[in-house]
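Residues per chain, in single letters:
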Amino acid sequence: MGEEVKRTTYDRAQRREYRRKVQLCLDVFETMLTQSRFDSDRPLTGMEIECNLVDGDYQPAMSNRHVLDAIADPAYQRELGAYNIEFNVPPRPLPGHTVLDLETEVRASLNEAQTKAGSDGTRIVMIGILPTLMPEHLSRDGWMSESTRYAALNDSIFRARGEDIPIRISGPEPLSWEAATIAPESACTSMQLHLQVAPEEFAPNWNAAQVMAGPQLALAANSPYFFGHQLWSETRIEVFAQSTDTRPEELKVQGVRPRVWFGERWITSILDLFKENIRYFPSLLPELSDEDPVAELAAGRVPALPELRLHNGTVYRWNRPVYDVLEVDGAARPHLRLENRVLPAGPTVVDMLANSAFYYGTLRTLSEDENPLWTKMSFAAAHGNFLAAARHGIGARLHWPDLGEVAAADLVLDTLLPIAHEGLRRWGVDAEVRERFLGVIEGRAKAGRNGATWQVATVQALEDGGMTRPAALAEMLRRYCDHMHANEPVHTWPS
């Protein structure tokens, strides 16, 4: 979850002062980019995995407070929904054998958490959208976690809109629903990848991540059902965008930018993104701190820039810039991270680590290319690829420089896998690690099967056998959980 806040309502004076402080933080940050030394000597990667909780019937379990008490591990935290938790994987360097070690550690941690949480029959599920989640689960009290931040966020979004949020999603079984809270956002559970970068390396890495968002999502789609409807392969993308939209229809028509945002141009500096955030998006949580960032910098200390960070956390870019301060060798050091928010959670630990290896590998090669892809590709084409991948998943056709329109699986097999192998080699990742995880990506692309296609095929087979949709979704989820714990890649699962 994001940083907690102290209040749920704010007056005009607080909003005015917060706007001033955000701009002051930005000015200090701009100065720091030219004068300060950012920690990047030993780049670290990090991962957050959002999970769902279900009961013995595979229905949402609104019990994260009790589950977190049972797990009793600070690596596990609450998320927006009372049926959500988040697992924060400690940062680590990428080279060598790290990812294989990470697979063992993540599986062990999740297994231990499941053992502690499962005393009352609760199960932890890694999946993009919980397929058994229905409108009635989000229409009654108790769906939201106990958090001032989430209550304040809900109030601020609806105060800005002044009306309920329409959820309208196309697909094989189109959905139309009205949301009176931001509850649908809680349905969207993702895996977030972090990469620490130097200031001068941020722009090429962000541009490369935007280029890769389409292929990345096509491979990993795992959210074909929402409220019992079969919709997009990665429905999470559209549910998240609509459920946090602060714009009434009039502002949409005027071209006001959405809070969940792919962006609209390639960048030359991380500063471009922070400036856009302030220019285009009013504050949702104008919480004020006591820090004077100008005085902190003048005194030789590292400012935390809390207002800038809080504001940045309420602009939901799929590839988000992050400023943070960490202790390194006993001293506070500022650092920058690129947070990739494209991927859904699941289906297995090995699938998620394969997705991360593919991402870090392609990012390394593309960001270092002397003739970068984004100089040959329009930003609109990258955005179009992202939406096509969300709708059609591994069956999407994507636009690619020098290739024109190409099937996502062919693009991965013929073009992107060699790029990923080379990038991981440059990171110093062992050959055994590259072969294991990129082998999973290759197998998935060749089989044309990811989490979304497996879910749809399984539900269709169960319905053909006489099950109702709710029963088929629950049975599919039961099988999904069994396969998830076996940790065999999703493309090898039987329907």
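Per chain, the residues get numbers from 1 upward, laid out in the order the sequence is written. Local features in a predicted model are, by the rule used here, given only for residues with pLDDT of at least 70; side-chain atom pairs are given and counted only at 80 or more, and totals for whole chains, interfaces and linings are based on all residues. Heavy atoms from the whole structure form the basis of all side-chain values; hydrogens and water molecules are not counted.

As annotated in an unreviewed UniProt entry, the chain is Glutamate--cysteine ligase from Mycobacterium sherrisii. UniProt positions are given in the numbering used here, feature names are shortened, and annotations may be inferred rather than shown by experiment. Listed under Catalytic activity (unreviewed entry) in UniProt, the entry text for the chain is "L-cysteine + L-glutamate + ATP = gamma-L-glutamyl-L-cysteine + ADP + phosphate + H(+)".

(A) Here's a closer look at the side chain of N205. Inspection of the secondary structure puts N205 in helix α6 (residues 199–220). Whether two residues are in contact is decided by their heavy atoms: any pair within 4.5 Å suffices. If we ignore the near neighbours within four places in the chain, the residues touching N205 are L195, V197, L338, L363 and S367. A run of H or I in DSSP counts as a helix once it spans at least four residues, and a run of E counts as a strand once it spans at least two, with each numbered from the N terminus.

(B) Structural view of the state of the cysteines. Only a pair of cysteine sulfur atoms within 2.5 Å counts as a disulfide in this structure description. Per the stated rule, a full pass over the model turns up 0 disulfides. Left unpaired, C51 is separated from the closest cysteine sulfur, that of C481, by 11 Å. Burial status follows relative accessibility: with a 1.4 Å probe on protein chains alone, a residue under 20% of its type maximum counts as buried, one over 50% as exposed, and anything between as partly exposed. Of the residues examined, C51 reaches a relative accessible area of 1% and is grouped as buried. Under the relative-accessibility criterion, C481 is labelled buried at 4%.

(C) Layout of helix α12 (residues 349–367). Expected span of a helix, by definition, is 1.5 Å for each gap between consecutive residues, and there is one gap fewer than residues. Taking 1.5 Å as the rise per residue, α12 with 19 residues should run 27 Å; its terminal C-alpha atoms sit 27 Å apart, in good agreement. Within α12, 18 of the 19 residues are buried, leaving the element largely enclosed by the surrounding structure.

(D) Geometry of the pairing of strand β3 (residues 84–92). Pairing geometry for strand β1 (residues 45–54) and β3, over 7 bridges, is antiparallel. Looking at the pairing, I49 lines up with F87 of β3. Being paired, for any two strands, means DSSP has found at least two bridges between them. Strand direction decides the pairing type here: strand β2 (residues 76–78) and β3, joined by 3 bridges, are antiparallel. Paired with R78 across the bridge in β3 is I85. Counted between consecutive antiparallel strands, the loop separating β2 from β3 contains 5 residues.

(E) Highlighting the nonpolar core. In this description, a nonpolar core means a group of buried Ala, Val, Leu, Ile, Met, Phe, Trp, Tyr and Cys residues linked to one another through side-chain atoms lying within 4.5 Å. By size, the foremost hydrophobic cluster in this structure holds 161 residues, and its most contacted members are F29, I49, F226 and F358. The dominant element in this core, judged by the number of residues it contributes, is α6, at 12 residues.

(F) Molecular detail of helix α9 (residues 270–280). If you check which residues of α9 are buried, you get I270, L271, D272, L273, F274, E276 and N277. As used in this structure description, the phrase polar contact means that two N or O atoms lie within 3.5 Å; if the pair is within protein, one of them must be able to donate a hydrogen and the other to accept it, and residues adjacent in sequence are counted only when both atoms belong to side chains. The N-capping residue of α9, defined by a side-chain oxygen 3.0 Å from the backbone nitrogen of L271, is S269.

(G) Looking closely at the pairing of strand β5 (residues 165–169). The element β5 is largely enclosed, with a buried count of 4 among its 5 residues. Two strands pair when backbone bridges link them, and β5 and strand β6 (residues 175–179) are joined in this way by 5 bridges, in the antiparallel orientation. Each residue of the ladder has a partner; that of I169, found in β6, is L175. Here β5 folds back onto β6 in antiparallel fashion, the turn holding 5 residues, of which G171 has a positive phi close to 135°.

(H) Up close: the packing of aromatic side chains. Only Phe, Tyr and Trp rings are paired, with Trp represented by its six-membered ring, and only when their centres lie within 6.5 Å; those with planes under 30 degrees apart are stacked, over 60 edge-to-face, the remainder tilted. Per the stated rule, a full pass over the model turns up 19 aromatic pairs. Here a set of aromatic residues connected by ring pairs shows up, and it is made of W206, F240, F262, W266, Y316, W318, F379 and F386. Here, a charge over a ring is recorded when the distance from Lys NZ or Arg CZ to the ring centre is within 6 Å and its angle to the ring normal is within 35 degrees. Above the ring of Y280, the side-chain terminus of R257 is found at 3.6 Å from the ring centroid. Just above the ring of W427 sits the side chain of R364; from NZ or CZ to the centre is 4.6 Å.

(I) The arrangement of the environment of T45 in detail. Inspection of the secondary structure puts T45 in strand β1. Exposure remark for T45: the relative accessible area of 9% places this residue in the buried category. For the pair T45 and R337, spaced 292 residues apart in sequence, the C-alpha separation works out to 8.9 Å. Residues contacting T45, with those up to four places away along its chain left out, are P90, P91, R92, L94, H194, L195 and Y360.

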